[in-house]
Amino acid sequence: MANKKTISKKKVSKNIGKSVRDNENRQLIWFFVVVGIVFAGVLVPYFWIESSKNFEYVGADWLVEDYDYLKIFHGRFLSFGNPNLHYNIFLRIDPRDNDVSTTGVFDTFKYGGVVSLSSGVDKCRGEIGRGVFDLSAFLRQGVGVEVLESGSTDEFIAIEEDRRFATCDTVLDRTLVIVEIGEEAEVFKDEKNPYCYTIIAKDCEDISGIEKFMVKSIEDFGATREVV
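Read on for an overview of the structure. (Residues numbered from 1 in each chain as written. Predicted model: local features only at pLDDT ≥ 70, side-chain atom pairs only at ≥ 80, totals over all residues. Heavy atoms only, no water.)

## Quick word on the environment of Ile128
By the secondary structure assignment, Ile128 is in helix α3 (residues 127–143). Ile128 sits in the buried class, given a relative accessible area of 1%. In this structure, the C-alpha to C-alpha distance between Ile128 and Cys204, residues 76 residues apart in sequence, is 5.4 Å. Ignoring anything within four residues of it in the chain, the contact list for Ile128 reads Val121, Val179, Ile181, Ala201, Asp203, Cys204, Asp206, Ile207 and Ile210. (Helix = DSSP H or I, 4+ residues; strand = E, 2+ residues; numbered from the N terminus. Buried < 20%, exposed > 50% of the residue type's maximum accessible area, 1.4 Å probe, protein only. Contact = heavy atoms within 4.5 Å.)

## Focus on the sheet that holds strand β4 (residues 86–91)
If you trace the 4 strands from one edge of the open sheet to the other, you get β1-β2-β3-β4, paired in antiparallel fashion. The strands lining the two open edges of the sheet, one partner per strand, are β1 (54–57) and β4. Averaged over all adjacent pairs, the angle separating strand axes in this sheet is 25°, with direction ignored. As judged from the 6 bridges shared by strand β3 (residues 71–78) and β4, these two strands associate in the antiparallel manner. Paired with His74 across the strands is Phe90, a residue of β4. Against the sheet, α3 makes contact with β3 and β4, and its axis sits at roughly 165° relative to β4, the strand it touches most. (Pairing = 2+ DSSP bridges. Axes fitted to C-alpha atoms, helices over the stretch in contact; angles between N-to-C directions.)

Structure follows, in structure tokens:
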């Protein structure tokens, strides 16, 4: 009788031990499930956000760079005139959202260039000054015109400041980009002079036209042709 009770106690003890182990295993499984859900909830959005910061647009690779007070759209493409140079461009406006109106195909460039400013732009002290600086660098290396002159659409200012008097009618031997102030942002290619482009800004803070010119040039010109 004692042996039966002992055996019964052993069975009960064994069953309790098995039940405890099963319960511990279930708890462990749920622990890993919860940890997995937490990690997925953190990592999936992280990787999705990171992947959304990289995109391809107009034949260039882009990376969105976030800073404390600034978002930069960093593009990289093969220079039009130098097949050994990958040029980096830094924009303030998402190139996919820049809806500035354009006219013409921006695919014709001559070696040597002129950036010609209107008297209105000359007086600006806003963002457009930085935009013109970026435009000049883009023309020199991104497009590959290399040699770049400073010009004015005002003949008096050109003479007074020893700059080239540069309009679509007076500059035919090199790439010419004119920047002026108007009512609405717009970029267009001259109908008679295929190497002349005009960028119109709404005010001294408006760089949308300058950035649109650069993005459309990348799109239209591509990376396989050469600057003549």
